[in-house]
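Observations on the three-dimensional arrangement
Here are the chains, one letter per residue:
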Amino acid sequence: MTPAHDEVDRILEAWTTERPDLDFSPLEVLSRVDRLSRHLDRARREAFRRSDLESWEWDVLSALRRAGEPYRLSPKQLLQQTLVSSGTMTNRIDRLVGRRLVRREGDPSDGRSVLVVLTDEGRTRVDAAITRLVDAEALLLDTLSRADRDRLAGLLRKLSLGFDA
């Protein structure tokens, strides 16, 4: 039984015919990652939309939710987790405060500092979004066995460690 061919196989076959002098093995992996990324992006946008969240809102709210009770972080901690500029983060916090998904509180350990706190409404939204996200992403991987998923996760981790360093 020959394995099924996908669009990447067809593209690589054409390139190999046209440019037999090149090694297309990197495209074999990364073109598939790119295509899968597009499917993942669509699934995530839909999960967030169904929870009435934008992806940037998800980034901030999920960082607060993952922090554990009492679900609060300093703006600096949020910056470190979301990798945006301080001006962007200030704008995002302002908008989330306006939507009543977070609130600002004085830091009890430092009167000059502020903490961003997840509201009950924010927690409800982020919990609904993570449930929808996990369900959507499970569907994307449903053709893989648990062992295949674990192997793929390990290989992707190995690859990403080089970029995260």
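Residue numbers restart at each chain and count upward from 1, following the sequence in its written direction. Local features in this predicted model are restricted to residues of pLDDT 70 or higher, and side-chain atom pairs are both shown and tallied only at a pLDDT of 80 or more, whereas totals for entire chains, interfaces and linings draw on every residue. To get the side-chain values, take all heavy atoms of the structure and skip hydrogens and water.

**Observations regarding the packing of aromatic side chains**
For Phe, Tyr and Trp, rings pair up if their centres lie within 6.5 Å, where Trp contributes its six-membered ring, and each pair is then called stacked (planes under 30 degrees apart), edge-to-face (over 60) or tilted (otherwise). All told, the structure shown has 2 aromatic pairs when counted by the stated rule. Ring plane angle 25 degrees and centroid distance 5.0 Å describe the contact between Phe48 and Trp58, whose orientation is recorded as stacked. In this pair, Phe48 is assigned in helix α2 (residues 25-50) and Trp58 in helix α3 (residues 55-66), connecting sequence segments 10 residues apart. Accessibility assignment for this pair places Phe48 and Trp58 in one class, buried. By definition, any uninterrupted DSSP run of H or I lasting at least four residues is a helix, any uninterrupted run of E lasting at least two residues is a strand, and each is numbered from the N terminus. Burial classes: relative accessible area under 20% of the type maximum marks a residue as buried, over 50% as exposed, and values in between as partly exposed (1.4 Å probe, protein chains only).

**Looking at the layout of surface pockets**
One simple way to see leftover space: roll a probe sized like a water molecule over the atoms. Computed over the protein atoms alone on a 1 Å grid, cavities are sets of points where a 1.4 Å probe fits but cannot get out and pockets are open sets with protein on both sides within 12 Å along at least five of seven lines; a residue lines them when it has an atom within 4 Å of a point. Grid points are joined across faces, edges and corners, and a volume is the space filled by probe spheres set on the points. Put simply, the largest pocket is a space of about 940 Å³. Forming the boundary of the largest pocket are 23 residues, of which Leu36, Leu141, Leu144, Leu152 and Leu156 lie nearest the centre. Elements with a contribution of two residues or more to the lining of the largest pocket: α2, α6 (120-140) and α7 (146-164). In this classification, the charged set is Asp, Glu, Lys and Arg, the nonpolar set is Ala, Val, Leu, Ile, Met, Phe, Trp, Tyr, Cys and Pro, and all remaining amino acids, among them Gly, are polar. Of the residues contributing to the lining of the largest pocket, the split by class is 11 nonpolar, 3 polar and 9 charged. One number sums up the size of the second largest pocket: a volume of about 200 Å³. Residue lining of the second largest pocket: Asp41, Arg44, Arg45, Phe48, Ser55, Trp58, Asp59, Ile130, Leu133, Val134 and Glu137, and that is the complete set. Residues that form the lining of the second largest pocket fall into these classes: 5 nonpolar, 1 polar and 5 charged.

**Digging into the nonpolar core**
One broad trend across soluble globular proteins is that nonpolar side chains are buried collectively. Residues enter a nonpolar core if they are buried and are Ala, Val, Leu, Ile, Met, Phe, Trp, Tyr or Cys, with the set joined through side-chain atoms within 4.5 Å. By size, the foremost hydrophobic cluster in this structure holds 22 residues, and its most contacted members are Leu61, Leu64, Leu78 and Leu96. Elements represented by at least two residues in this core include exactly α2, α3, α5 (86-98), β3 (110-118) and α6. Of the residues forming this core, the biggest block, 6 residues, is contributed by α3. The contact partners of Leu78, leaving out residues within four places of it in the chain, are Val60, Ala63, Leu64, Leu73, Met89, Ile93 and Val116. A contact between two residues is defined here by any heavy atoms of the two lying within 4.5 Å.

**Quick word on helix α1 (residues 7-18)**
Its 12 residues give α1 an end-to-end C-alpha distance of 17 Å, which sits within 8% of 16 Å, the value for a rise of 1.5 Å per residue. Looking only at α1, the buried set comprises Val8, Asp9 and Leu12. Down the axis of α1, the smallest arc covering the buried residues is 95 degrees, so these residues share one side. Those residues of α1 that are exposed and angled more than 90 degrees off the buried face are Thr17 and Glu18. Elements in contact with the buried residues of α1: α2. One side-chain oxygen of the residue at the start of α1 lies 3.2 Å from the amide nitrogen of Val8, identifying that residue as Asp6. One fewer than the residue count of a helix, multiplied by 1.5 Å, yields its expected span. The arc under discussion is defined with respect to the helix axis, by the directions toward the C-beta atoms. The definition of a polar contact used here is a pair of N or O atoms within 3.5 Å, where within protein one atom must be able to donate a hydrogen and the other to accept one, and adjacent residues in sequence count solely through side-chain atom pairs.

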